[in-house]
Amino acid sequence: MSEMHDKISPMDARRRLGDAIRGAQVAAADRGDVVIDMKEADLARIEILAQDLQPVFDEVPADDEQWDFAISTGLQPRLWIDATAHVMMGRDRRTYRFVRDTRLGRSVLAESPEVKPISDAVTTYIAERIVERQRMMEGERVSLRSTAVAAPSGPAEPAPQSAAAPTVQLRQHRSMANDFVNAVIWLLIGAFAGAGALLAFFWDRLSPYF
């Protein structure tokens, strides 16, 4: 008999004790529906679910800020998973409802009077969101910040325009030279044209000399 007792691991003992405590809490919450306020009974059930999910919450990286993991104790107690998903009690005060608010309205992700199915649904939801975030972060990131680096203190460097100044001046000199050459050419053309006109006009008088 002692050998069988030795085979029972401490982990199994803790699990059985945890299940017993959870069952006692559920029973106390059921009695609370009659004895104490309904809000306290809902809060007791929400706390039972939170205790079951606490190991999952502890495994989520602390620097992942998309999660809330908090209980709100308002008129309707809720276990918040993130900004849009939470668990609350149904109208019968015994059914857990895992819901998520979207732009198209509220959708029910899981619904059960038992803790285990809701705990599994919340765990799956957390895992899916973590994987989704990892995939988004794995893509190439394009920075939208200015890439300009501030220049070190010291004498100011010449503006970029000064580097192009010699080129501009060279173009101006070339333009002036071209204008001068064109003027000389037109002047010579005019001179030859005038000389030809004079020669044609006085050809009769000058022909005896040729």
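Please read these numbers as outputs of a predicted model, since none were measured by experiment.

Some details on the confidence of the model for the chain
It should be kept in mind that the predicted coordinates are not to be read in detail where pLDDT is low.
Here comes step 1: The pLDDT averaged across the chain works out to 77; a share of 64% of its residues lies at or above 70.
Here comes step 2: Here residues 1-5 scores under 50 on pLDDT; set against residues more than four positions off or in separate chains, the count is zero contacts.

Brief notes about helix H4 (residues 115-138)
Here comes step 1: Taking 1.5 Å per residue, 24 residues should reach 34 Å; H4 reaches 35 Å between its end C-alpha atoms and fits that length.
Here comes step 2: Restricting attention to buried positions, one finds in H4 the residues Val-115, Ile-118, Ser-119, Ala-121, Val-122, Tyr-125, Ile-126 and Arg-129.
Here comes step 3: For H4, the secondary structure elements touched by its buried residues are helix H3 (38-59), strand S1 (67-72), strand S2 (78-82), strand S3 (85-89), strand S4 (96-102) and strand S5 (105-112).

As for the pairing of S2
Here comes step 1: Counting buried positions along S2 yields four of five residues, so the element is predominantly enclosed.
Here comes step 2: Bridging between S1 and S2 involves four bridges; their strand directions are antiparallel. Within the sheet, the bridge partner assigned to Ser-72 lies in S2 and is Arg-78.
Here comes step 3: Where S1 folds back onto S2 in an antiparallel hairpin, the turn is made up of five residues.
Here comes step 4: Across three bridges, the pairing between S2 and S3 is antiparallel. Bridge pairing in S3 links Arg-78 to Met-88.

Observations concerning the sheet that holds S5
Here comes step 1: Pairing is antiparallel across the open sheet formed by five strands, whose spatial order is S1-S2-S3-S4-S5. Because the sheet does not close on itself, it has two edges, and the strands there are S1 and S5. In this sheet, adjacent strand axes meet at a mean angle of 20° when their direction is disregarded.
Here comes step 2: Of the strands in this sheet, S1, S2, S3 and S4 touch H3, which is tilted by about 30° from S2.

Some thoughts on unusual backbone geometry
Here comes step 1: You will see that Phe-69, though not glycine, has its phi angle at about 50°, which is positive.
Here comes step 2: Inspection of the secondary structure puts Phe-69 in strand S1.
Here comes step 3: One non-glycine residue, Arg-93, adopts positive backbone phi at about 70°.
Here comes step 4: Residue placement: Arg-93 occurs in the loop between S3 and S4.

Calculation notes
- Counting starts from 1 at the beginning of each chain's written sequence and moves along it residue by residue.
- Predicted model: local features are reported for residues with pLDDT of at least 70 only, side-chain atom pairs are reported and counted for 80 or more only, and whole-chain, interface and lining totals are derived from all residues.
- With hydrogens and water set aside, each side-chain value is computed from the structure's full complement of heavy atoms.
- Per-residue confidence from the predictor is reported as pLDDT, which spans 0 to 100.
- The contact criterion used is simple: two residues touch if any of their non-hydrogen atoms lie within 4.5 Å.
- Only DSSP runs of H or I covering at least 4 residues are called helices, and only runs of E covering at least 2 are called strands; the numbering of each starts at the N terminus.
- Between the first and last residue of a helix there are one fewer steps than residues, each counted as 1.5 Å, and that sum is the expected span.
- Partly exposed describes any residue whose relative accessible area lies between the buried limit of under 20% and the exposed limit of over 50%, with all areas from a 1.4 Å probe on protein chains only and scaled to the type maximum.
- When DSSP finds at least two bridges between two strands, those strands are taken to pair.
- Between N-to-C directions, angles cover 0 to 180 degrees, with each direction set by a line fitted to C-alpha atoms, over the stretch in contact for helices.

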